[in-house]
Amino acid sequence: QHQCGVAHCPSSNLRLASGIAPVRQLLDSNVPIGLGCDGSASNDHSNLLAEARLAMILSRVRDFRPATDAQGTNAEPGDPSALSPKQALYLATVGGARCLNRQEELGKIAPGYAA
């Protein structure tokens with residue numbers, strides 16, 4: 001509606017203890033979402049592929065449900081299919097281009113697209 005995009009910076013979010021983005025929910029709602037590395041003050045590296053991997057892993061545990069059985073074990077773990085490797089790569093490429101509203105010139109390795 002407002003044509004905004006979301007830059008998800010998982011390493012920075014973890015370092016600053018600012019939470020885990022609801023990536024699956026944003027994707028399902030067709031919100032433009034891409035990945036970022038934030039700045040050196042809150043990220044020990046500027047590795048976009050590492051951010052994609054971390055986004056994928058965090059999405060799998062984000063909706064972790066608390067223990068519900070008498071032994072206190074985790075009866076219902078997070079969802080390992082919450083974000084696939086292909087979807088994580090999408091966030092790092094096409095997703096970022098969508099956030100910038102430049103998907104016709106960025107986000108792909110193809111003729112006519114910026115490197």
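Before reading on, note that the structure itself is shown above.
Keep in mind that what you see is a predicted model, and the values were worked out from it rather than measured.

1. Structural notes on the overall build of the chain
Helix and strand counts for the chain come out as four helices and two strands. Reading the chain from its N terminus to its C terminus gives the helix and strand order β-α-α-β-α-α. For the chain, buried positions account for 29% of its 115 residues. Of the contacts formed within the chain by residues at least 6 apart in sequence, a portion of 59% connects residues at least 24 apart.

2. As for the side chain of S11
Looking at where S11 falls in the secondary structure, it is placed in helix 1 (residues 10-15). One polar contact links S11 to E51, side chain to side chain, over a distance of 2.6 Å. Setting aside residues up to four positions removed in sequence, S11 forms contacts with S42, N43, H45, E51 and L54.

3. Here's the deal with the environment of L54
By the element assignment, L54 lies in helix 3 (residues 48-62). For the pair L54 and P10, spaced 44 residues apart in the sequence, the C-alpha separation amounts to 6.4 Å. If we ignore the near neighbours within four places in the chain, the residues touching L54 are P10, S11 and L14.

4. Regarding the packing of helix 3 against helix 4 (residues 85-99)
For any two helices packed against each other, the geometry is given by the interaxial angle and the distance between the axes. Where helix 3 contacts helix 4, the axes come no closer than 9 Å and their chain directions differ by 130 degrees. Relative to helix 4, helix 3 is oriented oblique. Viewed along their axes, helix 3 and helix 4 form a crossing whose handedness is right-handed. When helix 3 is examined against helix 4, the residues L48, L49, A52, M56 and R60 are found in contact with a partner set consisting of P85, A88, L89 and A92. In the contact of helix 3 with helix 4, the residues fall into eight nonpolar, no polar and one charged.

5. Section: the state of the cysteines
Between two cysteines, a covalent bond joining their sulfur atoms is known as a disulfide. In the structure shown here, the tally under the stated rule is zero disulfides. Here C9 is not cross-linked by a disulfide; its sulfur's nearest cysteine counterpart is in C37, at 7.3 Å. On the basis of relative accessible area, C9 is assigned to the buried category, the value being 12%. Among the cysteines around C99, which has no disulfide bond, C4 carries the closest sulfur, lying 10.0 Å off.

6. Quick word on helix 3
In this model helix 3 runs 20 Å from its N-terminal to its C-terminal C-alpha over 15 residues, within 8% of the 21 Å that 1.5 Å per residue would give. Tucked into the core, helix 3 has its buried residues touching strand 1 (6-8), helix 1, helix 2 (23-28), strand 2 (33-35) and helix 4. Between the side-chain oxygen at the start of helix 3 and the backbone nitrogen of L49 there is a gap of 3.0 Å, and the oxygen is on N47.

7. Structural notes on unusual backbone geometry
A positive phi angle is found at N30, which is not glycine, with a value near 60 degrees. Of note, N30 is situated in the loop between helix 2 and strand 2. Judged by its relative accessible area of 53%, N30 falls in the exposed class. Phi at N101 takes a positive value of approximately 55 degrees, unusual for a residue other than glycine.

Rules behind the numbers
Residues numbered from 1 in each chain as written. Predicted model: local features only at pLDDT ≥ 70, side-chain atom pairs only at ≥ 80, totals over all residues. Heavy atoms only, no water. Helix = DSSP H or I, 4+ residues; strand = E, 2+ residues; numbered from the N terminus. Buried < 20%, exposed > 50% of the residue type's maximum accessible area, 1.4 Å probe, protein only. Contact = heavy atoms within 4.5 Å. Polar contact = N/O pair within 3.5 Å; in protein donor to acceptor, adjacent residues only side chain to side chain. Axes fitted to C-alpha atoms, helices over the stretch in contact; angles between N-to-C directions. Parallel < 35°, antiparallel > 145°, perpendicular 65-115°, else oblique. Left-handed = near helix turned anticlockwise from the far one by under 90°. Nonpolar A, V, L, I, M, F, W, Y, C, P; charged D, E, K, R; others polar. Disulfide = S-S within 2.5 Å. Expected span 1.5 Å × (residues − 1).

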